[in-house]
Amino acid sequence: VPFLLASLLQSFYGAADMFMVGKFSGSAAVSAVSTGSQIFTTITSTILGLCTGGTVLIAQKVGEKNDDGAAKAVGTMAVAFAVAGIVLVPVMLALAEPMTKAMQAPAEAFEFTKQYVMICACGVPFILGYNVTAGIFRGMGDSRTPVLFIFIACVINIVGDYILVGVLGLGAAGAALATIFAQGSSFILSVIYMVKRGLSFPFSRRYIAIDKPSLKWLLRVGTPLAFQSAFISISFLLITAIINAMGLIASAAVGVTEKLISFFMLPASSFSAATATMVAQNIGARKPERAMNSMICSMAVSFIIGTALTVYTQFNAENLTAIFSKDPEVIRAAALYLRSYSLDCIVVSFVFNLNSYFSGCGRSMVTMAHNVAATFLVRVPFSYFVSRMEGATLYHIGLAAPLASVFSVAVCIIYFIYLKRNGKLYSI
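Owing to the predicted nature of the structure, the values given are computational and were not obtained by experimental measurement. (Residues numbered from 1 in each chain as written. Predicted model: local features only at pLDDT ≥ 70, side-chain atom pairs only at ≥ 80, totals over all residues. Heavy atoms only, no water.)

## Overview of helix α13 (residues 344-360)
Along an α-helix, residues three or four apart share an orientation, since each turn contains 3.6 residues.
Now for step 1: The terminal C-alpha atoms of α13 lie 23 Å apart, and with 17 residues this matches the ideal 24 Å at 1.5 Å per residue to within 8%.
Now for step 2: Within two residues after α13, G362 carries a phi angle of roughly 85°, on the positive side. (Helix = DSSP H or I, 4+ residues; strand = E, 2+ residues; numbered from the N terminus. Expected span 1.5 Å × (residues − 1).)

What follows is the structure in structure tokens.
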């Protein structure tokens, strides 16, 4: 539940930008925030993949009661991500215009999108910092503390959006400024809290260094997840680019739908994130049956909630899309996309939790393999070819997501059966 609350707040945090821009600016600004946020979702999801490697490592060391190993994992995460933050800012600034062009941002929204990307690029170290601190807390089994800091960020972002977008009329640029200020505040406060409260194991300055075995494990688990997240996010970028070519209304409609879907996916992603930590701790503590039960319980809850959301959406899509736009054409187009896309909420309840089980056991390579395959063999080709068909609508393109997830479920089940038959299901 704390994972869900944190994710819900984080989605409110992102949705505030879209809501304020949709309320006080035009469709061009909505398109800019939609396209720009897609780019930064790629960055954030890649960071989260790497952080998961550190979280799993800390969780396993905590389960083993290996305080020295847990401390080394924390120090390694801190140094590795600090270096990454320093490198990423100038790279993102330099690539702002090329990325905006590659996304085929509509002409009316091009400059707004470029501004949004450049401003958000300056906040990359804060994104890294917050996710590292949240990963450390969760690895120790504390999923509640990150909720506090994302709540603070959410409040700051909403207030900032209202002032910068609503009062000062800065549009997409104002939304970006509010976002990085909120991220920075959350990160700084979380570090202060961590220093004052301390960790659940002894930690000192001598641990703030790269420990090679810890780094090797972090990369072993985190790199496949980072690549998986990056490739999936790139697929979203490709699909956004495909739909952007259909015009401003379609572009804005996709942005609205993606914001809603980010909420709909929260139950499955949040419970599965908790599953990854519980599986890792219980595998470390040599309690494989409890690890398995964690996955099954999470899968059941995710399925029930996902089904309820999908059914509700079929009858109320327009009411939902109207939250983020006042343009009737955008509302109707987004509703079409949302109805088909929402079917994915049911299927991912299985995909996400199976992925988390494999990751908690240190088998994240398979999760990367099937997700990348589903993305580039099913989702992107399907979206492209359907978009070229005469009479195709956003409803038809939206079917690409659940079809890709069905492919992933099939691969996961086959691999799960293989591990069980060969006695490798509970091994690290």
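## Regarding the pattern of salt bridges
Now for step 1: A complete count under the given rule lists three salt bridges for this structure.
Now for step 2: Between E97 and K114 there is a salt bridge, with its nearest N and O atoms 3.0 Å apart. Of this pair, E97 sits in helix α3 (residues 67-102) while K114 is found in helix α4 (residues 110-121), placing the two residues 17 residues apart along the sequence.
Now for step 3: Looking at E97, the relative accessible area reads 30%, which means it is partly exposed. (Salt bridge = Lys/Arg side-chain N within 4 Å of Asp/Glu carboxyl O. Buried < 20%, exposed > 50% of the residue type's maximum accessible area, 1.4 Å probe, protein only.)

## Describing a nonpolar patch on the surface
Now for step 1: Side chains of F24, F151, V155, V159, Y162, I163, V167, L168, L170 and L177 sit close together on the surface and give an oily, nonpolar patch of about 900 Å² of accessible area.
Now for step 2: Per-element accounting of the nonpolar patch gives the leading share, six residues, to helix α6 (residues 145-167).
Now for step 3: Within the secondary structure, F151 is located in helix α6. (Patch = residues over 30% accessible without salt bridge, like charges linked within 9 Å, V, L, I, M, F, W, Y side chains within 5 Å. Areas by Shrake-Rupley, 256 points an atom, 1.4 Å probe, with all protein chains shown as cover.)

## A look at the packing of aromatic side chains
Now for step 1: By the definition in use, this model includes 10 aromatic pairs.
Now for step 2: Taken together, the ring pairs in this structure connect Y357, F358, Y415, F416 and Y418 into an aromatic cluster. (Phe/Tyr/Trp six-rings, centres within 6.5 Å; stacked < 30°, edge-to-face > 60°.)

## Re the packing of α6 against helix α7 (residues 171-197)
Two packed helices can be described by the angle between their axes and the distance between those axes.
Now for step 1: For the pair α6 and α7, interaxial distance at closest approach is 8 Å and the crossing angle is 155°. The angle between α6 and α7 places the two elements in the roughly antiparallel class. At the point where α6 passes α7, the crossing takes the right-handed sense.
Now for step 2: Here the residues of the contact of α6 with α7 sort into 14 nonpolar, nine polar and two charged. (Axes fitted to C-alpha atoms, helices over the stretch in contact; angles between N-to-C directions. Parallel < 35°, antiparallel > 145°, perpendicular 65-115°, else oblique. Left-handed = near helix turned anticlockwise from the far one by under 90°. Nonpolar A, V, L, I, M, F, W, Y, C, P; charged D, E, K, R; others polar.)

## Observations concerning the nonpolar core
In globular proteins that are soluble, nonpolar side chains generally tend to be buried together.
Now for step 1: Core analysis: the largest hydrophobic core is formed by 89 residues, its most contacted members being I39, F40, M92, I136, I243 and Y337.
Now for step 2: Sorting elements by how many residues they give to this core places helix α2 (residues 27-64) first, with 14 residues.
Now for step 3: Counting residues in hydrophobic clusters, the runner-up holds 15 residues, among them A291, Y357, C412 and Y415. (Core = buried A, V, L, I, M, F, W, Y, C linked by side-chain atoms within 4.5 Å.)

## What to know about the state of the cysteines
Now for step 1: One pass over the full model with this rule turns up zero disulfides.
Now for step 2: You can see C122 has no disulfide; the closest cysteine sulfur is in C120, sitting 9.0 Å from it.
Now for step 3: On the basis of relative accessible area, C122 is assigned to the partly exposed category, the value being 40%. (Disulfide = S-S within 2.5 Å.)

## Section: helix α11 (residues 288-321)
Now for step 1: Over its 34 residues, α11 runs only 43 Å from end to end, short of the ideal 50 Å by more than 12%, given 1.5 Å per residue.
Now for step 2: Along α11, the largest kink reaches about 80° and is centred on F315. (Bend = angle between axes of the 7 residues up to and from the residue.)

## Overview of the layout of surface pockets
Now for step 1: Looking at the largest pocket, its volume works out to about 560 Å³.
Now for step 2: Lining the largest pocket are 24 residues, and of these A78, T133, I136, V191 and M194 lie nearest its centre.
Now for step 3: Listed by contribution, the elements that provide at least two residues to the lining of the largest pocket are α3, α5 (124-139) and α7.
Now for step 4: Looking at the lining of the largest pocket residue by residue, the classes come out as 18 nonpolar, five polar and one charged. (1 Å grid on protein atoms, 1.4 Å probe; cavity = no way out; pocket = protein on both sides within 12 Å on 5 of 7 lines; lining within 4 Å. Points joined across faces, edges and corners; volume = space filled by probe spheres on them.)

## Observations concerning the confidence of the model for the protein
Now for step 1: Mean pLDDT over the protein stands at 81; residues scoring 70 or higher make up 97%.
Now for step 2: Mean pLDDT across the elements of the protein ranges from a minimum in helix α1 (residues 2-24), with 72, to a maximum in α11, with 90. (pLDDT = per-residue confidence, 0-100.)

## Observations concerning the side chain of S356
Now for step 1: Mapped onto the fold, S356 is located in helix α13.
Now for step 2: S356 has contacts with S272, A273, T275 and A276, leaving out every residue within four places of it along the chain. (Contact = heavy atoms within 4.5 Å.)

## Some remarks on the environment of S262
Now for step 1: Structurally, the position occupied by S262 is in helix α9 (residues 248-264).
Now for step 2: S262 sits 46 residues away from K216 along the chain, and the two C-alpha atoms are 32 Å apart.

## So, the packing of α9 against helix α12 (residues 328-341)
Now for step 1: Two elements in contact, α9 and α12, have axes separated by 8 Å at closest approach and are oriented at 45°. Here α9 is positioned oblique relative to α12, judged by the angle of their axes. Crossing angle aside, the handedness with which α9 passes α12 is right-handed. Across the interface between the two elements, I249, A252, A253, V254, V256, T257, E258, L260, I261 and F264 from α9 touch E329, V330, A333, A334, Y337, L338 and Y341 from α12.

## Details of the environment of F264
Now for step 1: Its location among the elements puts F264 in helix α9.
Now for step 2: Its relative accessible area of 10% is what places F264 among the buried residues.
Now for step 3: Residues F264 and V159, 105 residues apart in the sequence, show an inter-C-alpha distance of 24 Å.

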